[in-house]
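For reference, the chains in residue letters:
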Amino acid sequence: MHETLAGLQLLFDAHSRLRQSQTLLGQTPNSGGGEWVEDLRILVDGIDLPGSTLPDSMVRLLTPEAALGCRADLVILTHLDVNSWDLRAPSVPGLTEQERAELGVLPPDAPLRSARHAWHHLLQCAGEVIILDAAEDESSQSSTPLAEWLANREWKPEQPPLLPSFVSPDEVHRIDGGKASRWGLSFIEGEGVFPTARPGDVVSDGEGGFEVVVTGSMARDVRQRSGLNLHSGRNPESAPLNPASVTISLDSRLVADRLDRQPRMGTLEQPYLSPARLGDVVSPENLRMKPQHREPKVTPPRLNPTWPTIGLSLPNRSRALTVDPRPLSPNQTDLSDHDQRHGFVSGPEFSTKVWSPSRLGQWLSCPRKGWLSTRLDATAEEAQDDDIDVRTRGLLVHGVYADLLCELLGMEVGEERDEFNPPSVALCGIPDAEMRARLLHFVEQRAPWLNRGDAVASVRRLGLLGMNRAEFEEASGKDSVPNLRGRFGRMLDAELTLAKAAVLALEWSLPRSSTEPGVLLELPEEGALEGLHLRGIIDRVELIPFDDDGSSFVQESGSEEVCPLDLDLGEDWKPRRLVVIRDLKSLEGPRPKDGGLRHRRELLEGVQLALYARAWEVTHPGDRVIGIGIAEVGEESALYIEADPDYELHLTSLGIGEVACNSSIIHRRPGESHESPKSNTFRAWLRHRLTAALRINEMSSKGKVIPTPSGIACTYCSVKEVCGLAPIVGGDREWS
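For every chain, the first residue of its written sequence is number 1, and the numbers climb from 1 along that sequence. In keeping with the predicted nature of the model, local features appear solely for residues at pLDDT of at least 70, side-chain atom pairs appear and are counted solely at 80 or more, and the whole-chain, interface and lining totals rest on all residues. In computing side-chain values, all of the structure's heavy atoms are included and hydrogens and water are not.

A. Structural context of the sheet that holds strand E10 (residues 537-544). Spatial strand order, E7-E10-E11-E12-E13-E14: six strands in an open sheet with mixed pairing. The open sheet is flanked by strand E7 (502-509) and strand E14 (658-660), the only strands paired with a single partner. Along the sheet, successive strands turn relative to each other by an average axial angle of 25°, direction set aside. DSSP calls a pair of strands paired once it identifies at least 2 bridges connecting them. Here a helix means four or more residues in a row that DSSP labels H or I, a strand means two or more in a row labelled E, and each is numbered from the N terminus. As judged from the four bridges shared by strand E12 (residues 623-633) and strand E13 (residues 638-643), these two strands associate in the antiparallel manner. Counterpart to Ala-631 in the pairing with E13 is Leu-639. Throughout, a residue-residue contact means that at least one pair of heavy atoms, one from each residue, lies within 4.5 Å. Between the N-to-C directions of two axes lies an angle of 0 to 180 degrees, each axis being a line fitted to C-alpha atoms and, for a helix, fitted only over the stretch in contact. Set on the sheet, helix H17 (residues 608-619) makes contact with E7, E10, strand E11 (577-586) and E12; between it and E12 the angle comes to about 145°. Across the sheet, helix H19 (residues 681-702) touches E12 and E13, and the angle it forms with E12 is around 75°.

B. Geometry of unusual backbone geometry. Geometrically, the link from Arg-326 to Pro-327 is a cis peptide bond, its omega value of 0° lying close to zero. For Pro-327, the position within the fold is in the loop between helix H7 (251-261) and helix H8 (336-341). A cis geometry characterises the amide bond from Asn-421 onward to Pro-422, with omega recorded as 5°. Structurally, the position occupied by Pro-422 is in the loop between helix H11 (390-409) and helix H12 (432-446). The backbone of Asp-334 shows a phi angle near 65°, a positive value even though the residue is not glycine. Residue placement: Asp-334 occurs in the loop between H7 and H8. Burial here depends on accessible area, computed with a 1.4 Å probe over protein chains only, as a share of the maximum for the residue type. Under 20% is buried, over 50% is exposed, and the range in between is partly exposed. Judged by relative accessible area, Asp-334 falls into the exposed class, the value being 67%. The phi dihedral of Asp-377 falls on the positive side, at around 55°, and the residue is not glycine.

C. Molecular detail of the packing of aromatic side chains. In this scheme Phe, Tyr and Trp rings, the latter by its six-membered ring, pair at centre separations within 6.5 Å, and the angle between planes marks the pair as stacked below 30 degrees, edge-to-face above 60, and tilted otherwise. All chains considered together, the criterion is met by seven aromatic pairs. Seen from their ring centres, Trp-119 and Trp-149 are 6.0 Å apart, and the 65° between their planes marks the pair as edge-to-face. Highlighted residues: Trp-119 in helix H4 (residues 110-124) and Trp-149 in helix H5 (residues 144-152), separated in sequence by 30 residues. Residue Trp-119 is classed as buried on the basis of its relative accessible area, which comes to 2%. Accessibility expressed as a relative area gives 23% for Trp-149, which makes it partly exposed. Pairing Trp-508 with Trp-616 gives two aromatic rings, centres 4.8 Å apart and planes at 70°, and the pair type is edge-to-face. Residue Trp-508 is located in strand E7, and its partner Trp-616 is located in helix H17; the two are separated by 108 residues in the primary sequence.

This is the structure we're talking about:
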């Protein structure tokens with residue numbers, strides 16, 4: 001009651017002073033509302049309520065000077081370091097330290113003499129005196145009275161430690177107390193052994209093992225002690241706040257154990273994993289999903305009795321080919337807490353209205369990564385770098401590329417062309433040097449910082465344009481630049497090879513409306529997986545002529561229906577237009593012999609290209625996508641196309657990129673016989689990647705956030721610190 005009244009009185013006084021000040025300044029006081037509440041809050045924050053000065057009947061907390069004349073049963077001396085007990089002499093008025101030394105005037109020593117007097121009184125005013133000394137802390141020096149007393153005292157190192165009256169030998173470790181005792185012993189050379197507080201310690205069991213001991217009585221100490229007991233298989237002092245969380249620390253051990261048990265070895269007769277053991281696969285680590293120049297002499301996946309296949313290691317140090325099984329669905333562990341937390345049994349259901357290819361890619365690489373990064377937004381803060389971000393460089397390449405093509409071909413970004421004159425940059429009739437000048441102009445518009453003289457601009461200017469600063473300034477504003485090189489120069493060189501393909505659209509956005517948030521993609525059969533809505537931007541769409549001379553782009557007699565997802569090789573379905581979809585990727589390198597690696601990875605391990613291809617067919621009835629690919633822009637630039645086998649020879653004859661048909665030995669329709677399969681492998685690949693995306697949508701809606709760590713995915717994962725599983729697959733190394 002006394003403190004409440006005192007606080008109110010201080011508040012009234014502060015409020016009165018505020019009103020007086022406002023009156024003198026001619027301000028209008030706030031009489032109500034949020035402004036009045038804010039005034040009152042500021043007044044309360046600025047009031048310091050003095051503590052109670054009433055002494056306790058049993059315990060008194062006093063300074064050394066205030067304790068003069070007092071007597072007690074027990075005195076505990078603490079805060080005896082030089083910072084807490086400041087005995088520095090005050091300055092002599094009118095004299096500097098140098099003048100005082102020259103005149104022989106001694107510094108005032110009244111504070112030191114008073115402290116000595118108080119110190120001797122404290123040592124004599126009680127029957128038991130306990131001195132708390134922080135001598136083991138090198139950052140804290142003893143005050144002068146304590147240091148003098150320690151120096152003048154005669155110590156007997158062989159004397160047993162003196163214990164306070166309230167501490168028995170049974171409570172001291174290494175006397176009669178056990179390893180969990182709250183008191184210990186500390187040896188000071190030349191002085192002896194002294195009791196010391198023991199809030200925590202590391203104890204050896206004598207057999208090479210060590211154990212952490214926590215002895216404190218605070219709530220934090222009790223929780224730590226309970227956790228240590230749980231780790232050691234002992235009953236905790238207090239129950240966990242959430243018993244299910246006890247198994248979280250075991251996640252990495254459990255996943256590591258399951259990784260060790262994942263089947264790896266096969267034989268030439270049985271190179272693939274049995275479908276019955278698919279639940280034992282918990283990580284795509286060591287699964288080979290890209291074909292090689294020399295495949296092992298085993299049955300290819302398309303002709304294997306069971307499909308899709310999981311390739312195993314073979315005796316000849318090779319590995320059979322795997323059809324991407326992600327998203328993985330490992331078997332349950334039968335540990336209820338673990339299974340419920342990861343969605344094996346039931347998870348946090350959440351329906352995604354619209355997906356993007358990048359979000360699907362997050363879930364495909366690891367469902368836990370997708371959940372943490374896209375649902376919980378737990379992405380770690382990105383480290384600052386002096387260089388430009390790789391995404392910034394990618395956007396620059398995309399923007400300049402689109403600007404150049406739109407000007408040369410008379411088209412708009414995001415819109416489809418109706419007229420194809422000229423169809424391509426190679427046939428636009430503009431001299432090569434002039435095109436390079438225009439390209440340089442767009443680079444200057446989007447990246448004016450390239451004209452700076454710092455190291456970042458110099459390196460990026462050389463990499464993007466192949467010019468130093470003097471060459472860049474000389475070429476700027478000219479009508480022709482014959483020696484433009486770098487990434488942009490190589491990109492233009494690759495573009496000039498595409499003479500017979502007509503550019504139909506650049507940066508084309510999938511249509512959206514108030515009723516349809518994206519393009520609906522689904523499987524044709526009833527009772528299949530639920531469809532998903534997709535949004536995104538397709539980098540580039542090309543029309544492929546039906547004839548070899550590149551003049552006929554539309555077949556008027558073609559079908560006006562959506563191209564079927566499932567077609568057989570050579571099946572007579574007549575399209576109105578033939579389409580190729582490309583995605584532009586700016587990358588480092590590639591290293592020698594790694595050209596096309598990014599293309600094959602996006603093709604066989606990603607879903608973006610397949611979803612874009614199907615979305616274009618759904619939104620453009622009569623169109624048939626006969627090829628997809630990556631345009632790699634790096635130290636070497638190249639255009640790659642994965643072709644529909646029915647049109648592989650036609651695409652090759654047009655010379656519009658490096659054409660291949662990687663799916664020819666890998667994919668077939670689900671349920672199709674392995675004996676002479678008739679399915680179109682490109683369409684089968686399209687179905688397989690669409691099915692993977694639909695399975696991701698289903699897993700996400702059911703809350704199945706099962707971790708599937710792998711070295712490459714964890715290394716570049718933005719939430720690996722939150723997840724904690726990266727170290728078990730070597731994915732905890734730094735990257736940039």
